[in-house]
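Residues per chain, in single letters:
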Amino acid sequence: MFGKGPAHAAAMLIGEQPGAQEDLAGEPFVGPAGHLLDKAMVEAGLDRSTLYLTNTVKHFKYEVRGKVKLHKRANASEQAACRQWLAAELLRVQPRLVVGLGAMAAQTLFGDAFRITLQRGEWRDMGEGIRGFATWHPSAVLRMPRADRRDAAYAELVTDLREIAAALAALGGDTNISS
């Protein structure tokens, strides 16, 4: 499954991999994590229709338990196999801001040493006028077992998305780059 959004969006949000609902719909971020991301983007002042949303891994990996398909994390070779597709999306869209949602996406963008718990919310120069940033993946927020930690992570996600909104505004208010 490939991403969705304007062909030349100024910002690209990159998740980890599609879930069951994304697999059925053929679109990224339409399940529970997508709903949480939408809520956070509204709070942060971001318009989803101006952003390009995609995933590092392009397929829904799962294991069957009874009649249910349960999400299973893509292994390193599956992640590596999908990098060419993400690279092609980056070349086609040419975003000025790239946001890794979650550890897998952040490590794909910034290297295996990147730690979301220590380095989220920090801007990184990616060369050629592109800036990178990483924050929590909404599904990680949803999976946090303690309500206080879940609430704190959600607040950090909103704060980080506000940073993205401010960076887009600093680009001159344009949320799309002309071709």
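Placed above this text is the structure.
Residues numbered from 1 in each chain as written. Predicted model: local features only at pLDDT ≥ 70, side-chain atom pairs only at ≥ 80, totals over all residues. Heavy atoms only, no water.

K.L.:
Looking at this structure, how should I read helix α7 (residues 147-170)?
P.N.:
Because an α-helix packs 3.6 residues into every turn, residues spaced three or four apart end up facing the same way. Taking 1.5 Å as the rise per residue, α7 with 24 residues should run 34 Å; its terminal C-alpha atoms sit 35 Å apart, in good agreement. Taken together, the buried positions of α7 are Ala-153, Tyr-154, Leu-157, Val-158, Asp-160, Leu-161, Ile-164, Ala-165, Ala-167 and Leu-168. Against the buried residues of α7 lie β1 (11-15), α2 (32-44), β5 (97-101), β7 (131-135) and α6 (138-143). Looking one or two residues past α7, Gly-172 carries a phi angle of roughly 105°, positive in sign. (Helix = DSSP H or I, 4+ residues; strand = E, 2+ residues; numbered from the N terminus. Expected span 1.5 Å × (residues − 1). Buried < 20%, exposed > 50% of the residue type's maximum accessible area, 1.4 Å probe, protein only. Contact = heavy atoms within 4.5 Å.)

K.L.:
How should the packing of α2 against α7 be read in this particular structure?
P.N.:
Helices that pack against each other are described as a pair by the angle of their axes relative to one another and the distance between those axes. At their nearest, the axes of α2 and α7 sit 8 Å apart, and the two run at 55° to each other. It follows that α2 is oblique to α7 by the angle criterion. Where α2 crosses over α7, the handedness of that crossing is right-handed. Residues Leu-36, Leu-37, Lys-39, Ala-40, Met-41, Glu-43 and Ala-44 of α2 touch α7, and the partners they reach there are Tyr-154, Leu-157, Val-158, Leu-161, Arg-162 and Ala-165. (Axes fitted to C-alpha atoms, helices over the stretch in contact; angles between N-to-C directions. Parallel < 35°, antiparallel > 145°, perpendicular 65-115°, else oblique. Left-handed = near helix turned anticlockwise from the far one by under 90°.)

K.L.:
Honestly, unusual backbone geometry in this entry has me stumped. Any pointers?
P.N.:
Note: most residues except glycine have negative phi, and most peptide bonds are trans. Positive phi outside glycine occurs at Phe-29, with the angle close to 60°. Inspection of the secondary structure assignment puts Phe-29 in the loop between α1 (20-25) and α2. Taking relative accessible area as the criterion, Phe-29 reaches 4% and is therefore assigned buried. Here the phi dihedral of Gln-94 falls at roughly 55°; this positive angle occurs in a residue that is not glycine. Positionally, Gln-94 belongs in the loop between α3 (76-93) and β5.

K.L.:
So what exactly am I meant to see when it comes to the pairing of β5 here?
P.N.:
Two faces belong to every sheet, and in a regular strand the side chains alternate between them. The element β5 is largely enclosed, with a buried count of five among its five residues. Burial along β5 is two-sided: Leu-97, Val-99 and Leu-101 and Val-98 and Gly-100, pointing in opposite directions, are all buried. The pairing of β5 with β7 spans five bridges and is parallel. Paired with Gly-100 across the two strands is Ala-134, which belongs to β7. (Pairing = 2+ DSSP bridges.)

K.L.:
I'm lost on the packing of aromatic side chains in this one. Help?
P.N.:
Given two aromatic rings, their pairing is described by the distance between the two centres and the angle made by the two planes. One pass over the structure, following the stated rule, counts three aromatic pairs. With a centroid separation of 5.9 Å and an interplanar angle of 80°, the aromatic rings of Phe-2 and Trp-85 are classed as edge-to-face. A residue pair is termed long-range when its members are at least 10 positions apart, and Phe-2 in the segment before β1 and Trp-85 in helix α3 qualify at 83 residues. Accessibility expressed as a relative area gives 41% for Trp-85, which makes it partly exposed. Where Trp-123 meets Phe-133, the ring centres are 4.7 Å apart and the plane angle is 55°; that geometry is what we call tilted. Of this pair, Trp-123 sits in the loop between α5 (116-119) and β6 (124-125) while Phe-133 sits in strand β7, and the two are ten residues apart along the sequence. Overall, Trp-123 belongs to the partly exposed group, its relative accessible area being 23%. For Phe-133, a relative accessible area of 1% puts it in the buried group. (Phe/Tyr/Trp six-rings, centres within 6.5 Å; stacked < 30°, edge-to-face > 60°.)

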